[in-house]
Amino acid sequence: MIKKLIVSLCLGFLFHTGFSQHIDKEKLDSYFEALEGSDKFYGSVAVVKNGQIVYTKSIGYADIESKTKADKESKYRIGSISKTFTSVLILKAIEEKKINLETTLNSFFPSIKNAEKITISHLLSHRSGIHNFTNDAEYLEWYTQAKTEQEMIELIAKGGSDFEPNSKADYSNANYVLLSYILEKVYKKPYADILQEKIIQVVNLKNTYVGKKINLKNKECNSYSYSTAWEKENETDMTIPMGAGNIVSTPSDLAIFSSALFHHKIISAQTVDAMTTLNERFGYGIFQMPFDDKKSFGHTGGIDGFSSVFGFFASDDIGFSIISNANNYNINTVTLVVLSAIFDKAYEIPNFKSYTLSSEDLDPYLGVYADASFPLKITISKNGNVLMAQATGQGAFSLEASEKNIFKFDQAGIVLEFKPENKTMTLKQGGGVFTLTKE
């Protein structure tokens, strides 16, 4: 699991209004090579314009142990981007009059609390109130074990309801697990076959399918997290997330999918309009990612050590996708650079300079830092000559020294600046600046 303090996958940066007729591919290649050379980011990226792939780049390893390099055919788990596919399948079933937006959950799963009140529309837009089982600490005890539909329904039913249906919106993976099972019941086919028939064959996606156990021989990638070195992540058993997170794909396929979706090759223009109508920031399996006076629609994803994002700018006929299987950086920052290259906005190639400290050098920073205006306490410890940070109720993560008294955690865009003489630590993230004092 990615450790974080206050990190959001909502993208909110600016760009110039015109599409660069010619992406400076050499400069963008250099940017990704800088990330790769400093063990910041392994993965792939693709950009589509007018339905054609105009840029791809792959860096790092699909499998670190065997030193298997990633390439444009490398396949990644896309996590919650799967929800966009599931939403499209549900909306296709509605177009085919197999169900409708007002169909209630008790038609399929009456054991779920409030099933008689929860509609397909509520599930699609995260307004059901159904508890999100992946939020539970116990989830990490069983997420690698296969589950049957009956077992998943029992788990979801046991989690109960967090709020009255349609009273508000709150993200829950359970909604899309249930939508996957509903698809299987109305089509009388496995989810994987429905995906193949209704999307993959229609759009000619060559490297997209429902995942099983990771198969390196099929050019699938393992995933990794970084502490003081890359560590292989365990695999979520794909019977658990179903259409909430069980799809394997490539950035090129995702970019092509986004273009086909917004060119109405899968579902109608009227249905796409309904899909992208927001209710408390959520559409149907999609949300808006604004950039200055423009907007893209897409989704983010994270599963095990994989992280991903895709979006489409209908006004410019541009789609993009980025997927990582080993990320020691902030994918928002990577996305900013890719979009800057697309829209001819200035960006810099980072220089990841290192600043070496001994274990003893870290001692002045150790302690617990807090402030009345900040909701968490931050414990600073060390592991050998590596400084560690841990927020209240969260896992510890390693910090990288960039210069004297300054440390970074690039995955969440966090900078910590210490003033040992004053016993203070300033935390900077996403424009926020908080000064905490050692207790």
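What counts, and where the lines are drawn
Residues numbered from 1 in each chain as written. Predicted model: local features only at pLDDT ≥ 70, side-chain atom pairs only at ≥ 80, totals over all residues. Heavy atoms only, no water. Helix = DSSP H or I, 4+ residues; strand = E, 2+ residues; numbered from the N terminus. Rg over C-alpha atoms; globule rule 2.2 N^0.38 Å. Buried < 20%, exposed > 50% of the residue type's maximum accessible area, 1.4 Å probe, protein only. Contact = heavy atoms within 4.5 Å. Lys, Arg positive; Asp, Glu negative; His and termini not counted. Charge placed at Lys NZ, Arg CZ, Asp CG, Glu CD. Pairing = 2+ DSSP bridges. Phe/Tyr/Trp six-rings, centres within 6.5 Å; stacked < 30°, edge-to-face > 60°. Lys NZ or Arg CZ within 6 Å of the ring centre and 35° of its normal. Axes fitted to C-alpha atoms, helices over the stretch in contact; angles between N-to-C directions. Parallel < 35°, antiparallel > 145°, perpendicular 65-115°, else oblique. pLDDT = per-residue confidence, 0-100. Polar contact = N/O pair within 3.5 Å; in protein donor to acceptor, adjacent residues only side chain to side chain.

1. Quick notes on the overall build of the protein chain
Okay, step 1: For the protein chain, the helix and strand inventory stands at 10 helices and 21 strands.
Okay, step 2: A compact globule built from 439 residues should have a C-alpha radius of gyration of about 22 Å, and the protein chain, at 22 Å, falls within 12% of that.
Okay, step 3: Dimensions along the principal axes, computed over C-alpha positions, put the protein chain at roughly 70 × 50 × 45 Å.
Okay, step 4: Per-residue burial over the protein chain gives 55% buried out of 439 residues.
Okay, step 5: When contacts within the protein chain are restricted to residue pairs at least 6 apart in sequence, those whose partners lie at least 24 apart make up 65%.
Okay, step 6: Taken as two groups, the 46 positive and 51 negative side-chain charges of the protein chain have centres that lie 2 Å from each other.

2. What about the sheet that holds strand S5 (residues 76-77)?
Strands in a sheet are paired, the pairing made by backbone hydrogen bonds, and the direction either parallel or antiparallel.
Okay, step 1: As summarised here, the arrangement of the three strands in space is S5-S9-S6, forming an open sheet in which the pairing is antiparallel. Only two strands of the sheet have a single neighbouring strand rather than two, namely S5 and strand S6 (209-210).

3. Remarks on the packing of aromatic side chains
Okay, step 1: Counting across every chain of the model gives 25 aromatic pairs.
Okay, step 2: Between the aromatic rings of tyrosine 329 and phenylalanine 352, the centroid separation amounts to 5.7 Å while the plane-to-plane angle is 85°, which identifies the pairing as edge-to-face. In this pair, tyrosine 329 sits in the loop between strand S13 (318-327) and helix H10 (331-342) while phenylalanine 352 sits in the loop between H10 and strand S14 (367-370), placing the two residues 23 residues apart along the sequence.
Okay, step 3: Classification of tyrosine 329 by relative accessible area gives buried; the value is 9%.
Okay, step 4: The ring of tyrosine 347 carries the charged tip of lysine 27 above its face, separated from the ring centre by 4.1 Å.
Okay, step 5: Over the face of the ring belonging to tyrosine 61 we find lysine 67, whose NZ or CZ atom lies 5.2 Å from the ring centre.

4. Topic: the packing of helix H6 (residues 173-187) against helix H7 (residues 191-203)
Okay, step 1: Between H6 and H7, whose axes approach to 9 Å, the crossing angle comes to 75°. When the axes of H6 and H7 are compared, the pair comes out roughly perpendicular. In this structure, H6 contributes Ser180, Leu183, Glu184 and Tyr187 to the contact, and H7 contributes Tyr191, Ile194 and Lys198.

5. Side note on unusual backbone geometry
Okay, step 1: Of note, asparagine 204 is a non-glycine position whose phi angle comes to about 65°, a positive value.
Okay, step 2: Of note, asparagine 204 is situated in the loop between H7 and S6.
Okay, step 3: You can call asparagine 204 exposed: its relative accessible area is 51%.

6. A word on the sheet that holds strand S20 (residues 424-429)
Okay, step 1: Ordered in space as S14-S15-S16-S17-S18-S19-S20-S21, the eight strands form a closed barrel in which the pairing is antiparallel. In this sheet, adjacent strand axes meet at a mean angle of 35° when their direction is disregarded.
Okay, step 2: In this sheet, strand S18 (residues 406-409) lies alongside strand S17 (residues 397-403) in antiparallel orientation, the contact comprising three bridges. If you follow glutamate 403 over to S18, its bridge partner there is isoleucine 406.

7. As for the confidence of the model for the protein chain
Okay, step 1: Per-residue confidence for the protein chain averages 92 on the pLDDT scale, and 95% of its residues sit at or above 70.
Okay, step 2: For the stretch residues 1-20, pLDDT sits under 50, and the model shows 61 contacts to residues farther than four places along the chain or on other chains.

8. Some points on the side chain of serine 74
Okay, step 1: Within the secondary structure, serine 74 sits in the loop between strand S4 (68-69) and S5.
Okay, step 2: Side-chain polar atoms of serine 74 contact the backbone nitrogen of aspartate 71, separated by 2.8 Å.
Okay, step 3: Contacts of serine 74, omitting those with residues within four sequence positions, involve Ala62, Lys69, Lys219, Cys221, Ser249 and Thr250.

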